[in-house]
Amino acid sequence: MIKDSFGRVHDYLRISLTDHCNLRCFYCMPEEKYAFAPVSKLMQADEIETIARLFVDNGVKKIRLTGGEPLVRKDAPKILQSLGKLGIELAMTTNGVRIDEMLEEIKSAKIKTLNISLDTLQQDKFFRITRRDLFQRVRSNIELAVKNNIRVKLNVVVMKGLNDDEIVDFIALTQYQNIEVRFIEFMPFSGNRWTSNQVLSLEEIILKISSRYEIIPQKPVANDTAKRYSIPGHTGSFAVISTMSAPFCDTCNRIRLTADGKLKNCLFSKGETDLLGALRRGEDILPLIGQTIMGKAKALGGQFSGVFDDIDVNTLENRSMITIGG
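Residues numbered from 1 in each chain as written. Predicted model: local features only at pLDDT ≥ 70, side-chain atom pairs only at ≥ 80, totals over all residues. Heavy atoms only, no water.

*Asks:* Please explain the overall build of the chain as it appears in this structure.
*Replies:* Of regular secondary structure, the chain possesses 10 helices and 12 strands. A buried classification covers 56% of the 326 residues belonging to the chain. If you take every contact in the chain between residues at least 6 apart in sequence, the share linking residues at least 24 apart comes to 72%. Carbon and sulfur atoms form 50% of the exposed surface of the chain, whose accessible area is close to 14300 Å². (Helix = DSSP H or I, 4+ residues; strand = E, 2+ residues; numbered from the N terminus. Buried < 20%, exposed > 50% of the residue type's maximum accessible area, 1.4 Å probe, protein only. Contact = heavy atoms within 4.5 Å. Areas by Shrake-Rupley, 256 points an atom, 1.4 Å probe, with all protein chains shown as cover.)

The following block contains the structure:
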């Protein structure tokens, strides 16, 4: 069992497979011509399995694969196959572009839930956000996942002046489709030009939805980052991830492993621990894991208070989102 100094048990590991991506979303990737990590610097398939097994042996019950885009790795099928045998809940966050190509591998790994990133329902806006003309393919792959009885959660990063006018349109998707739309408050990372006036808060999101629909708060799930709601008569549901306006750090159980094998005890942590380097040197990495989690701050990496209007983004120390993992 992996605990921090506040008694929080950490049993959920997020593994980034790569910092490569086939989209170029501006809030995730600092620039179009991004310098991706060379393959030799990334965890190899056998190293990912070794580290994952160690975490599972020490109490991790769920692993989520992230990127970049996890499915752009050439050895993604091998990784899915090996992790699918660990006897834990395996999930994935993806941009949806390659679901059709990898559907059988996804099903074989017993992945029952896919978080699919989609920030707009408008094709022209999708191109502006992602800098790639792949909107129709993503929409088709969302439908493909649903048809194959894979639970779909749509991750929507909401920004004022960009897509906040589409919130009700996303809610309409839940009327007849069994999907969960997850509205995510815009968060600050290196290079994403975050400003507080772009953040649409939990309160503002709920206000927009309740002006059109009756909404019913759902009972909180242990360790959940999302505040969940249902709408009478709708097959699906929606949720809000309120990192900026109403943080949920008190029950955090998450550990993050970057594609280059660095352990982060929080999405916003300044420090990180090089597990991959230690593993390649033949060292026992379990003490490093324990020390890293024990050093976790009480909230938000110790970098800000949760009053997002007061954040000076220039003083934050962190990576870009694409190098941390979604």
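*Asks:* I'm lost on the nonpolar core in this one. Help?
*Replies:* Generally speaking, soluble globular proteins have nonpolar side chains that are buried together. Counting 95 residues, the largest nonpolar core has Ile15, Phe55, Ile63, Leu154, Phe183 and Phe238 as its most contacted members. No other element matches the 6 residues that helix H1 (residues 45–57) contributes to this core. In contact with Phe55, not counting residues within four places along its chain, are Ile2, Leu13, Val60, Ile255, Leu263, Leu275 and Ile289. (Core = buried A, V, L, I, M, F, W, Y, C linked by side-chain atoms within 4.5 Å.)

*Asks:* What is the right way to read the pairing of strand S4 (residues 113–117) from this model?
*Replies:* Each regular strand carries side chains that alternate between the two faces of the sheet. Of all 5 residues in S4, 4 are buried; the element is thus mostly enclosed. Strand direction decides the pairing type here: strand S3 (residues 89–94) and S4, joined by 3 bridges, are parallel. The partner of Met92 across the bridge, within S4, is Leu114. Following the backbone out of S3, through helix H3 (residues 99–108) and into the adjacent parallel S4, one traces a crossover that is right-handed. (Pairing = 2+ DSSP bridges. Right-handed = clockwise from strand over helix to strand, strands pointing away.)

*Asks:* Please clarify how the environment of Lys208 should be interpreted in this entry.
*Replies:* Structurally, Lys208 is set in helix H7 (residues 202–210). A relative accessible area of 30% means that Lys208 is categorised as partly exposed. Distance from Lys208 to Asp165, taken between C-alpha atoms, is 9.2 Å for residues 43 residues apart in sequence.

*Asks:* Can you help me understand the sheet that holds strand S10 (residues 254–257) in this one?
*Replies:* Remark on secondary structure: sheet strands pair via backbone hydrogen bonds, oriented parallel or antiparallel. One open sheet accounts for 12 strands, arranged S7-S8-S9-S6-S5-S4-S3-S2-S1-S10-S11-S12; its pairing is mixed. The open sheet terminates on both sides in strands that have one partner only, identified here as strand S7 (216–217) and strand S12 (273–274). Across the sheet, H1 is in contact with strand S1 (12–16), strand S2 (62–66), S10 and strand S11 (262–264); its angle to S1 comes to roughly 170 degrees. (Axes fitted to C-alpha atoms, helices over the stretch in contact; angles between N-to-C directions.)

*Asks:* I would appreciate a short explanation of H1 in the present structure.
*Replies:* Because an α-helix packs 3.6 residues into every turn, residues spaced three or four apart end up facing the same way. Relative to the 18 Å expected for 13 residues at 1.5 Å per residue, H1 spans 18 Å between its end C-alpha atoms, a close match to the ideal helical length. Within H1 the residues assigned to the buried category are Ala45, Glu47, Ile48, Ile51, Ala52, Phe55 and Val56. Down the axis of H1, the buried set is contained in an arc of 165 degrees. They therefore lie on one face. A positive backbone phi angle near 105 degrees is found at Gly59, which sits one or two residues after H1. (Expected span 1.5 Å × (residues − 1). Arc of directions from axis to C-beta.)

*Asks:* Got a minute to help me understand the packing of helix H2 (residues 76–83) against H3 in this structure?
*Replies:* Axes are the key here: two packed helices are described by the angle between their axes and the distance separating the axes. Orientation of H2 relative to H3, taken along the N-to-C sense of each, is 20 degrees, at an axis distance of 9 Å. Regarding the angle of H2 to H3, the classification is roughly parallel. Note that H2 runs across H3; the crossing there is right-handed. Side by side, H2 and H3 meet where Ala76, Pro77 and Leu80 of the first sit next to Met102, Glu105 and Ile106 of the second. Looking at side-chain class alone, the contact of H2 with H3 contains 5 nonpolar, no polar and 1 charged residues. (Parallel < 35°, antiparallel > 145°, perpendicular 65-115°, else oblique. Left-handed = near helix turned anticlockwise from the far one by under 90°. Nonpolar A, V, L, I, M, F, W, Y, C, P; charged D, E, K, R; others polar.)

*Asks:* Help me understand the packing of aromatic side chains in this model?
*Replies:* Two descriptors summarise a pair of aromatic rings, namely the distance from one centre to the other and the angle between the planes of the rings. Counted under the stated rule, the structure contains 4 aromatic pairs. Ring plane angle 65 degrees and centroid distance 5.6 Å describe the contact between Phe126 and Phe135, whose orientation is recorded as edge-to-face. Assessed through its relative accessible area of 3%, Phe126 is described here as buried. When the ring of Phe170 is compared with that of Phe183, the centres are 6.4 Å apart and the planes differ by 85 degrees; the resulting orientation is edge-to-face. Of the two residues, Phe170 is situated in helix H6 (residues 167–173) and Phe183 in strand S6 (residues 179–185); the sequence distance between them amounts to 13 residues. (Phe/Tyr/Trp six-rings, centres within 6.5 Å; stacked < 30°, edge-to-face > 60°.)

Any link to function would need more than the numbers given here.
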